[in-house]
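Each chain is listed here by its residues.
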Amino acid sequence: MIDIDFVRKQFPALQKDFVFMDNAGGSQVLGKVVERISDYLVNHNVQLGASYKVSAEAGKKLKSAISRITELLNASRDEEIVIGSSTTMLLRILSLTISQQWKKGDEIIVTDTEHEANVSPWMDLKEKGFEVKTWKVNPETLELDIQDLKRLMTEKTRLVAVTHASNVLGTINPIKQIAKEVHAAGALICVDGVAYAPHRKVDIQELDVDFYTFSWYKTYGPHLAVMYGKYDELAKLESLNHYFIGKDTIPYKLQPGNMNFELTYGTIGIIEYYEEMYRHHFENNTVDFSERLNKTFQIIAKHEEDLASLVLNYLNGIPEIRIIGNTSADASLRVPTISFIHETLKSDEIVEQVDEHRIGIRFGDFYAKKLIETLGLEDRNGVVRVSLVHYNTKDEVNKLIKIFRNIF
C-alpha cells in the first residue's frame, strides 16, 4: 500500500487547503524539482561551452540530467532525448523536419481521440500535398480498433500519430501492438504520452516506438517537454537551428535557441522522487533502476485504481450520468482521468458548483476537440473531467462525491 502521507509531504502545494483534481491539465510540482531549479539558477546560471569553471560545471550538470532522462525512458543513448518548451512545439518541429523526407501524396494517419498537439502539425501538412487520414474511435466501445488502422494503412503511409492514453477517455491504447502493425506496414509511429506518463512507467525500447513525447509539467515537474526519437530517425531530420548547426548535431539541431537549462536540470528531482518512493516502500536495494521503477509505478497504479474505483462506482450508480470512457477502474485499461456528462445539467453547471468548495475539477474539450465533436458533446459544453494522480487521497475523493450528491 502506498504511504500517502510520505507522498504528499514531497509536494509543497499540497500543504494548503485546496484539492487538486485537474491534474491532467497540470500536476503539482515536487519540492525536489523546485530545489534543483533554484540551485541551478543560483549557482550555475551561465552560458555553456565557455572555458571557465562555472560554465564547465553547468555543462556537466545538464549532461547528467539528460543521462537520467535517458535512463528513465530506457532510451539507448543520450542523443535520443530532445528537450523543448512543450509537447505541442516538439511535435510541430518533428512535422516540419520529417515531412521534408516525404513526397506529395504520401500519407499520415491521426486519430480523433488525440489532443490537438498530435493532430494539427500533421493536418497542416495537407497544404504541402500530403494526405491525412483519420483513425476513428469506435462510437460504441470508445476504443481504437487496430483492424480499422490496418484497413487505413497503404504502401504510401509514412507515419501514424496516436496517443498512449486519451486525456478525455482515460483509455490506455496498446502501443506496443500498434507499433508492430505500423512497422509491418513500413511506416513510423509517433506517440503522445502526455496523459500516460504521470501514471505508468514509459519503456521506450519495450514499446518499440519511433517517437514519443510528453510534458514534464504533467509529471510533477516544470513547464518543459521531452521528445524521444530513435537515433537513426533523428539523424535523417534536417536542422531547424542556426545555419552552422549541422544535420549531424543531434539533438541540438532540433532545439533552436537551445533547451531551458534550469528547468531541464530540475527534472532530476522527478527521477530522485521515484527512487525515494521505492526506498520508502521496499527493502530490497539490490535491484536495478528499471525494476525499482517497475515497483514504484505498481504501487502508484494500485492506489490510482482504488481512487478511480470510488469515483466510477458512484457515477455508475447515477442513471442520469454517462461516463465517457471505460466504466471500469482497472489500471491495465485506463488511467484515473475520468470524464462524464449529465442528462440534463450541462458540464459547466456542474463544475461551477464544485468550485466554491475549493476543489479543482474542470469542464470542456481539453484540446481534444475532434473527439468531443465525434461524440456530439459540444452542446453539453464538453465533459466534466475529474483527473486524479497518486497524491490524491480517498478522503479527497469522498469529499468530491459528497458534493456531487448535492448537485445530482
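Residues numbered from 1 in each chain as written. Predicted model: local features only at pLDDT ≥ 70, side-chain atom pairs only at ≥ 80, totals over all residues. Heavy atoms only, no water.

## Quick look at the packing of helix α12 (residues 289-316) against helix α15 (residues 394-405)
The contact between α12 and α15 brings their axes to 9 Å, and the two run at 10 degrees. The orientation of α12 with respect to α15, classified from their angle, is roughly parallel. Relative to α15, the crossing made by α12 is right-handed. Residues Asp306, Leu307, Leu310, Val311 and Tyr314 of α12 pack against Lys394, Val397, Asn398, Ile401, Phe404 and Arg405 of α15. Here the contact of α12 with α15 is composed, by residue class, of seven nonpolar, one polar and three charged. (Axes fitted to C-alpha atoms, helices over the stretch in contact; angles between N-to-C directions. Helix = DSSP H or I, 4+ residues; strand = E, 2+ residues; numbered from the N terminus. Parallel < 35°, antiparallel > 145°, perpendicular 65-115°, else oblique. Left-handed = near helix turned anticlockwise from the far one by under 90°. Contact = heavy atoms within 4.5 Å. Nonpolar A, V, L, I, M, F, W, Y, C, P; charged D, E, K, R; others polar.)

## As for the UniProt feature "domain: Aminotransferase class V" (unreviewed entry) in the protein chain
Taking the numbering used here, the UniProt-annotated feature "domain: Aminotransferase class V" (unreviewed entry) corresponds to residues 19-400. Helix makes up 38% of residues 19-400 and strand 15%, whereas the separation of the span's terminal C-alpha atoms amounts to 9 Å. (UniProt positions renumbered as here; feature names shortened; annotations may be inferred.)

## Brief notes about the pattern of salt bridges
Inspection of every chain in the model, using the stated rule, returns 25 salt bridges. Put simply, Glu71 and Arg68 hold a salt bridge, and the shortest N to O gap is 3.0 Å. Here Glu71 pairs with Arg68, and both are found in helix α3 (residues 53-73), just three residues apart, close to one helical turn. A relative accessible area of 37% means that Glu71 is categorised as partly exposed. By relative accessible area, Arg68 is classed as buried at 18%. Where Asp124 meets Arg92, a salt bridge forms, and the shortest distance between an N and an O atom there is 2.8 Å. Remark: Arg92 occurs in helix α4 (residues 87-98) and Asp124 occurs in the loop between α5 (120-123) and β4 (131-135); sequence separation between them is 32 residues. Its relative accessible area of 27% is what places Arg92 among the partly exposed residues. Among the charged side chains, a salt-bridge network with shared partners connects Arg68, Glu71, Glu275 and Arg292. (Salt bridge = Lys/Arg side-chain N within 4 Å of Asp/Glu carboxyl O. Buried < 20%, exposed > 50% of the residue type's maximum accessible area, 1.4 Å probe, protein only.)

## Quick notes on the pairing of strand β7 (residues 211-215)
Both faces of the sheet carry side chains from a regular strand, because those side chains alternate between them. The buried fraction of β7 is high, at five of five residues. By the alternation rule, side chains of β7 split into Phe211, Thr213 and Ser215 and Tyr212 and Phe214, which are all buried.

## Examining the domain arrangement of the protein chain
Interfaces are often sized by the accessible area lost when the parts come together. With domains assigned, the protein chain is organised as domain 1 (4-29 + 289-405) and domain 2 (33-270). Here domain 1 and domain 2 have C-alpha centroids that lie 25 Å from each other. When domain 1 packs against domain 2, close to 3100 Å² is buried across both sides, 59% of that on carbon and sulfur atoms. When the buried surface of domain 1 facing domain 2 is broken down by residue, Val335, Lys370 and Leu371 rank first, second and third, together holding 19% of it. The tally of links from domain 1 across to domain 2 stands at two salt bridges. Among the ionic pairs, Lys370 bridges to Glu116, the shortest N-O distance being 3.3 Å. Across the domain 1-domain 2 interface, the total number found is 21 residue pairs in polar contact (both at pLDDT 80 or more). Sorting elements by how many residues they give to the side of domain 1 that touches domain 2 places α12 first, with eight residues. (Domains from an automatic or database assignment. Buried area = accessible area lost by both parts, 1.4 Å probe. Polar contact = N/O pair within 3.5 Å; in protein donor to acceptor, adjacent residues only side chain to side chain.)

## Thoughts on unusual backbone geometry
Geometrically, the link from Ile250 to Pro251 is a cis peptide bond, its omega value of 5 degrees lying close to zero. One can find Pro251 in the loop between α9 (231-236) and α10 (261-266). For Arg358, which is not glycine, the phi dihedral falls at a positive 60 degrees. Structurally, Arg358 is set in the loop between α13 (347-355) and β11 (359-360).

## What to know about the packing of aromatic side chains
Under the definition given, this model contains 18 aromatic pairs. When the ring of Phe340 is compared with that of Phe404, the centres are 5.7 Å apart and the planes differ by 85 degrees; the resulting orientation is edge-to-face. Taken together, the residues span a long stretch of sequence, with Phe340 in strand β10 (residues 337-342) and Phe404 in helix α15 at a distance of 64 residues. Of the two residues examined, Phe340 and Phe404, each falls in the buried class. Their ring planes at 70 degrees and their centres at 6.1 Å tell us that Phe340 and Phe408 sit as a pair that is edge-to-face. You can see Phe340 sitting in strand β10 and its partner Phe408 sitting in the segment after α15, a full 68 residues away along the chain. Comparing Phe340 with Phe408, the two get one shared label, buried. One aromatic cluster is present, formed by Phe11, Tyr220, Tyr273, Tyr274, Phe297 and Tyr391 through successive ring pairs. Positioned above the aromatic ring of Phe289 is the side chain of Arg68, whose terminal nitrogen or guanidinium carbon lies 5.2 Å from the ring centre. (Phe/Tyr/Trp six-rings, centres within 6.5 Å; stacked < 30°, edge-to-face > 60°. Lys NZ or Arg CZ within 6 Å of the ring centre and 35° of its normal.)

## Regarding a negative patch on the surface
Together, Glu349, Glu352, Asp355 and Glu356 make up a negatively charged patch on the protein surface. Here Asp355 shows up in helix α13. A relative accessible area of 39% places Asp355 in the partly exposed class. (Patch = residues over 30% accessible without salt bridge, like charges linked within 9 Å, V, L, I, M, F, W, Y side chains within 5 Å. Areas by Shrake-Rupley, 256 points an atom, 1.4 Å probe, with all protein chains shown as cover. Lys, Arg positive; Asp, Glu negative; His and termini not counted. Charge placed at Lys NZ, Arg CZ, Asp CG, Glu CD.)

## A short note on the side chain of Asn118
Structurally, Asn118 can be placed in the loop between β3 (107-111) and α5. In contact with Asn118, other than residues within four places in its own chain, are Leu91, Val110, Ala161, Val162, Cys190 and Asp192.

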